[in-house]
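# Inside the fold
Each chain, written out:
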Amino acid sequence: MTASRHRPESEPLLTPSEVATLFRVDPKTVTRWAKAGKLTSIRTLGGHRRYRETEVRRLLSGIPAPRTDD
């Protein structure tokens, strides 16, 4: 695993509902953003989506997320 993909255990994660509240949209909209690649989601063991708080705050403030070249 590369260092750029490793998530520190202390990094806060948000639920779709929490992200939706911040953007004042429906949680399904947040899921659509993730499917469209506008927001990176992490899957829990139970299959639920979680979003990195740092990425969500960056998007909320209008700062584009850094590109990752795969």
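The preceding data block contains the structure.
Residue numbers restart at each chain and count upward from 1, following the sequence in its written direction. Only residues with pLDDT of at least 70 get local features here, since the model is predicted, and only at 80 or more are side-chain atom pairs given and counted; chain-wide, interface and lining totals rely on the full set of residues. By convention in this description, side-chain values take in all heavy atoms of the structure and omit both hydrogens and water.

Close contact between helix H1 (residues 16-23) and helix H2 (residues 27-36) brings their axes to 8 Å; oriented N to C, the two are set at 100°. Relative to H2, H1 is oriented roughly perpendicular. Residue-level inspection shows Pro16, Ser17, Val19, Ala20 and Phe23 of H1 in contact with H2, the latter providing Pro27, Val30 and Trp33. The nonpolar class holds Ala, Val, Leu, Ile, Met, Phe, Trp, Tyr, Cys and Pro. Asp, Glu, Lys and Arg form the charged class, and all remaining residues, Gly among them, are polar. Partitioning the contact of H1 with H2 into residue classes produces 7 nonpolar, 1 polar and no charged. Angles shown run from 0 to 180 degrees and are taken between the N-to-C directions of axes, each axis being a line fitted to C-alpha atoms and, for helices, limited to the stretch in contact. The secondary structure listing takes helices from DSSP runs of H or I that are at least 4 residues long and strands from runs of E that are at least 2 residues long, numbered from the N terminus. Convention used here: angles under 35 degrees read as roughly parallel, angles over 145 as roughly antiparallel, angles from 65 to 115 as roughly perpendicular, and any remaining angle as oblique. The contact criterion used is simple: two residues touch if any of their non-hydrogen atoms lie within 4.5 Å.

On to H2, then. Three labels apply to residues, based on accessible area from a 1.4 Å probe with only protein chains included: buried if under 20% of the type maximum, exposed if over 50%, partly exposed otherwise in between. For H2, the set of buried residues is Thr29, Val30, Thr31, Trp33 and Ala34. If you follow the buried residues of H2, they end up packed against H1, strand E2 (41-43) and strand E3 (49-52). Within 3.5 Å is the distance limit for a polar contact, defined as a pair of N or O atoms, with the added protein rule that one can donate a hydrogen and the other accept it, and that residues adjacent in sequence qualify only through two side-chain atoms. One side-chain oxygen at the N-terminal end of H2 lies 2.9 Å from the backbone nitrogen of Lys28; it belongs to Asp26. Positive backbone phi, approximately 90°, marks Gly37, located one or two places after H2.

So, about H1. For H1, every residue scored as buried is listed here: Pro16, Val19, Ala20 and Phe23. Across the axial projection of H1, the buried residues extend over an arc of 100°, all falling on one side. Where H1 is buried, its residues meet strand E1 (13-14), H2, E3 and helix H3 (53-61). Once H1 ends, the next one or two residues include Arg24, with phi positive near 60°. Within this analysis, the arc is defined by the directions that extend from the helix axis to the C-beta atoms.

The next subject is the packing of aromatic side chains. What counts as a ring pair is set by centres within 6.5 Å for rings of Phe, Tyr and Trp (its six-membered ring), and what kind of pair is set by the plane angle: stacked under 30 degrees, edge-to-face over 60, tilted for all other angles. Considering all chains together, one arrives at 1 aromatic pair under this definition. Pairing Phe23 with Trp33 gives two aromatic rings, centres 5.2 Å apart and planes at 80°, and the pair type is edge-to-face. Pair noted here: Phe23 is in helix H1 and Trp33 is in helix H2, with a separation of 10 residues, a long-range link. By the burial criterion, Phe23 is buried, and Trp33 matches it.

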